[in-house]
Each structure stands twice: as structure tokens, then as C-alpha cells.
Amino acid sequence: MSTMNVDVNQNKNVKTEDILCPLAEYEECDFSKLLQKPRLLNIERQSSLDERSLSELAIGISPRLSSRATDMNFSRIFEPLDFICSPVGRRSGFNTPRSQTGFEPHPMVAEAWEALRRSLVYFRGQPVGTIAALDNSGENLNYDQVFVRDFVPSGLAFLMNGEPEIVKNFILKTLRLQSWEKKIDRFQLGEGVMPASFKVLHDPVRNNETLIADFGESAIGRVAPVDSGFWWIILLRAYTKSTGDTSLAELPECQKGMRLILSLCLSEGFDTFPTLLCADGCCMIDRRMGVYGYPIEIQALFFMALRCALLLLKQDDEGKEFIERIVKRLHALSYHMRSYFWLDWKQLNDIYRFKTEEYSHTALNKFNVMPDSLPEWIFDFMPVRGGYFIGNVSPARMDFRWFCLANCIAILSSLATPEQSTAIMDLIESRWEELVGEMPLKVCYPAIETHEWRIVTGCDPKNTRWSYHNGGSWPVLLWLLAAACVKTGRPQIARRAIEIAETRLLKDHWPEYYDGKLGRYIGKQSRKAQTWSIAGYLVAKMMLEDPSHLGMVAIEEDKQMKPLLRRSNSWTL
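Computed from a prediction, not measured in an experiment: that's the story for all the values here.

### Some words on the overall build of the protein chain
Then comes step 1: Regarding its fold elements, the protein chain presents 20 helices and 15 strands.
Then comes step 2: Looking at the protein chain alone, contacts between residues at least 24 apart form 74% of all its contacts between residues at least 6 apart.
Then comes step 3: Accessible surface, the protein chain: about 23400 Å² in total, of which carbon and sulfur atoms supply 50%.

### Comments concerning the sheet that holds strand S7 (residues 208–214)
Then comes step 1: Here three strands make up an open sheet; going across it, the order is S3-S6-S7 and the pairing antiparallel. Because the sheet does not close on itself, it has two edges, and the strands there are strand S3 (146–147) and S7.
Then comes step 2: Here seven bridges tie strand S6 (residues 197–203) to S7, and the two strands are oriented antiparallel to one another. Opposite Val200, over in S7, you have Leu211 as the bridge partner.

### Thoughts on the environment of Leu120
Then comes step 1: Within the secondary structure layout, Leu120 lies in strand S1 (residues 120–123).
Then comes step 2: Residue classification places Leu120 among the buried positions, given a relative accessible area of 15%.
Then comes step 3: C-alpha of Leu120 to C-alpha of Ile166: the two residues are 46 residues apart in sequence and 9.1 Å apart in space.
Then comes step 4: In this view, Leu120 contacts Pro127, Gly129, Thr130, Phe158 and Ile166; residues no more than four positions away in its chain are not counted.

### Overview of unusual backbone geometry
Then comes step 1: Note that the residue after Pro440, namely Leu441, is joined by a cis bond; omega there is -5°.
Then comes step 2: Here the amide bond leading from Tyr445 into Pro446 is cis, since omega sits at -5°, within 30 degrees of zero.
Then comes step 3: With respect to the helices and strands, the residue Pro446 is situated in the loop between strand S13 (444–445) and helix H17 (450–457).
Then comes step 4: Although it is not a glycine, Tyr468 sits at a positive phi angle of roughly 50°.
Then comes step 5: On the basis of relative accessible area, Tyr468 is assigned to the buried category, the value being 5%.

Cut-offs and rules
Residues numbered from 1 in each chain as written. Predicted model: local features only at pLDDT ≥ 70, side-chain atom pairs only at ≥ 80, totals over all residues. Heavy atoms only, no water. Helix = DSSP H or I, 4+ residues; strand = E, 2+ residues; numbered from the N terminus. Contact = heavy atoms within 4.5 Å. Areas by Shrake-Rupley, 256 points an atom, 1.4 Å probe, with all protein chains shown as cover. Pairing = 2+ DSSP bridges. Buried < 20%, exposed > 50% of the residue type's maximum accessible area, 1.4 Å probe, protein only.

As C-alpha cells, this is what we get:
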């Protein structure tokens, strides 16, 4: 198809009307008794915490609490997440003689900030995002573009550093791109689809700049980015929490953008499950890797985006309709995910003993999964204490692979119950060599190889075993691990992973990913100066330095969404 090349005016037609009901009030109110005061985090009982990690964690909390932290029970040093707001202007190591903790920042921090600022992309004089990579050693492909999912850690880093304007510009620019007509061949995509990426084209003759967007028509496999819209909503909520400024989310354009994204996801069809049916390659794993169906990454992001939208949507006539639909979907989705995607030692044993061909409403093996399809590796991988959300559940099929991003998002969104969150962290600790190794963190585990690799990937030379998305190690995942560790009260896990990364990331020039079973080798096709590797490291550092930043990316448990846990008791064994 012909490339879309459209002039985009700088923030025109964006109204800033006064709204009668600010979003700050919504975040603390009750939607049909769905939202209740969040649970206080308890970080006393975790095995990975030591006295050093507790004291360092206390130093970085908000000034209002720090004076009392040493005298109070550590189970109450956090405020509920929905009431935490990171103050704009607080800076973390860059351009300051000391960090907020009182310790000298790691020398890598200043280097990382300089590299991140070099990656900024400008449109008509304003920064609108960060380029995917600044590696000029090979063909650009699409690494010279601004990706929606890639910008999220960059945006969080700038928010934590008191620079919200970059994030605001990005949100508004991508919102304008959403309104474009989107066609692949002769088929028109849904109105709410967000772009996977965009780039700025400069015409030196006319001295003019235009934006060009990719909605999947140029992507490998021609797959639309399902996750882009979810990440956009999550980042909008992070901006609102960080700045306390509700006016951006309250703009009619932002409200409409959210509703368009939600319309795509909440539409009725032939589905019998509340999960989203997706094609392979629709998310971070953007190549054929056997994640088609109901991939856990999309379901976790979907859940997180629904919860964020619930806090951002206005209670006008259109907003109320979507709020009601979101509430119903959240209840169904949380039940489904906690019941059927969750795997621990006991549930694994139950599946191992499943009967098949059950035909009734009381069937235990509801998806008719064949016990003989259980992979051999899962029995050694699953610890007695621990558990995780598996990769996919659909009729007669379970993908038992571990996916890092999804399980961390499950913790941050409270899709995982407190017990399940603890079990996920227990699993990471007990399978440290497999999931972290010599460079954090495995995007999925284990790798698929030999005959299975040929069938599942189509002999993809980039996704060979323990490389790229097939068991490769991605430093960007550090920020998600750090946030999950802070939320579960186990910062020492994140600190240990960051210390491993600091031994090599700068020396290796910020690679995109690492290869090998332990993540020992720079990826064979890995780009250097990968922006989200840089930003992921910075966000992880700042998250540990000032845990109040957690409020941007985490939502507390909703007591009304009752979990089904009768089959899962590995954390009490």
C-alpha cells in the first residue's frame, strides 16, 4: 500500500476546558463499590529482605514518612499505592551531587542520562519521543523510529526526573496519529488502533516536518500492535499520577481516544472467554513465537489498561457506559486468569492427573488438556514454593512457558493476588540461574529448539534457541522487575539483578538483548545504544531510590474481585 504521509499540526484543536469533576476525585471514589481503599503492603515476611535492604528502602520514601520510618513497623512504611504521587521536580542522580538516598549515584547513571537525552526525537522544535536505538553500525530498518511500547520506560524516566512535558507531547502526538485512516491492502483497521511506531521526516527543500506512522502495514508479518493502545492508557495514567495534572486526561480528545481503544477490546462477538484472542507477533514478541491465541502478555496489559481507564474516564454519559462495561469485564477477566492461567506445584499435579473427554458443567479439565502434553522441563522447573501465570490457555492447549513482562504486570496491576504475587517472587528467587543468570532478564523460559523450533517459528534465524525472543535476556525488563519487587516488599531481588547488569551494560554499550542460556553473550543481531535498555536501567534505579515512584505504575488490589484460590496453596507449604 502507499505510505501515509500527512502534515500534523502542532497540538491544534486541543481544548483545555474546565471540567467540573476532576479525575483526582475519581481515583478515590467508589464505582459501584468496585474500588475500595487499597491494602497496606506488608513487607515483613519476605525471605529475600535483609536489614540493609529495609533501611535503604526507608531512606528513599517521601519526606513526610521518612522521619518516622525508623520508629514504626516496616509493614506500614508504604502508603497505599493509589494515594502515592511522585512529586514533579524530584530528580534522581542526574545533575545533582547526590541522589535522594544520600548515596553517590552509580557512575553509569550519568552516562545513561546522557545517552537517553541523545535519543530524543523532535518535531517542530518539541521533543515527542525517543528513538528505538542510536546504533549506526547496521541498516536502520525501523530502529530509527519512535515505538509506543519502547517509549514507556523512557517516559517513566522523564516523569521521575521531573520532566513531564516530553511525555505530554508524546501522548498528544500519538493520539493525533490514532485518528488517521488505517488500511492494509484493501482492509481498513479499527478506528481505535494505536500506531506501533512513528518517525519524523524532514523536507530540507520546503523546510517542513511531517510524521509518518506504522500501524502494522510495514511490520514483520503485517500484524497490528495490540499492546500499543494498552501502553498508551497506562502511560497516560502514569503522567496523571506523577504530575497530579488531570487536565490532559480530561481533554475530550484523550477521553475519546481511550473509548476508541476500549471499544476494540470490549466489543461482543463469538468469544466464550473474557480474554482477548490475538495473532502471533502482536506485542513485544513481534515475530512468530507460538503466542497466538490468548497470550498472557496481552491479557495482563489488557487488565492493567482497564483498571487505569476506570480511574481516568469521566463520569459523563459516554464514560458511565464504558465504566459499567469495564467493571463487568474486570470481574470476569480476573476470575478467568486466576483460575485457569495460574500454575503452581499443586495445580501442576492436578493437571498431571486430569481426566479427558469430560462433557458436563462440573468438568475439572474444562479445556480438555491432555496430560501427556505436559512438557518434561516443567516438572523440574516448578518449585514446591512458587508459581506463575502461564503463557497461554485455549482449547486443548496450554503454553507453560514463563513470560517475564506479563508476570510483572500481573503483580503491578493486582491481577495477581497478594499470595500469587509472593509466589511469583519466590519462583524468581528459586530459579535465579534460569531466569536471571548472568544478565537479567529472560523474556521467556525455556527456549524452544530443534523440531519444535522449526514448527513454531518457521525456522526463524533470529529466534534461534536462547536468542532474541526465544529465551533471550532483555535488560529493559529490569524496570518491571524493580517495580514488582518494591510492590511485594522485596527490593533486594531487584538490587541484586541491577548489580549484575551494572557489570556489563555500559561496557557493552547498552545492547538490546543478550544470548545464551545464562545471557552471557551480546545478542547476535542485538543493536547497541538501545534506548529502552538505557531507560529501563534508569527507571529501575530510581524506583529503588524512591519507592514513592511506584504509584505511577502500580494499582492496589480490588477487594471486590474475589479470587479463586482453592487449588493453589503452594505458598503455605
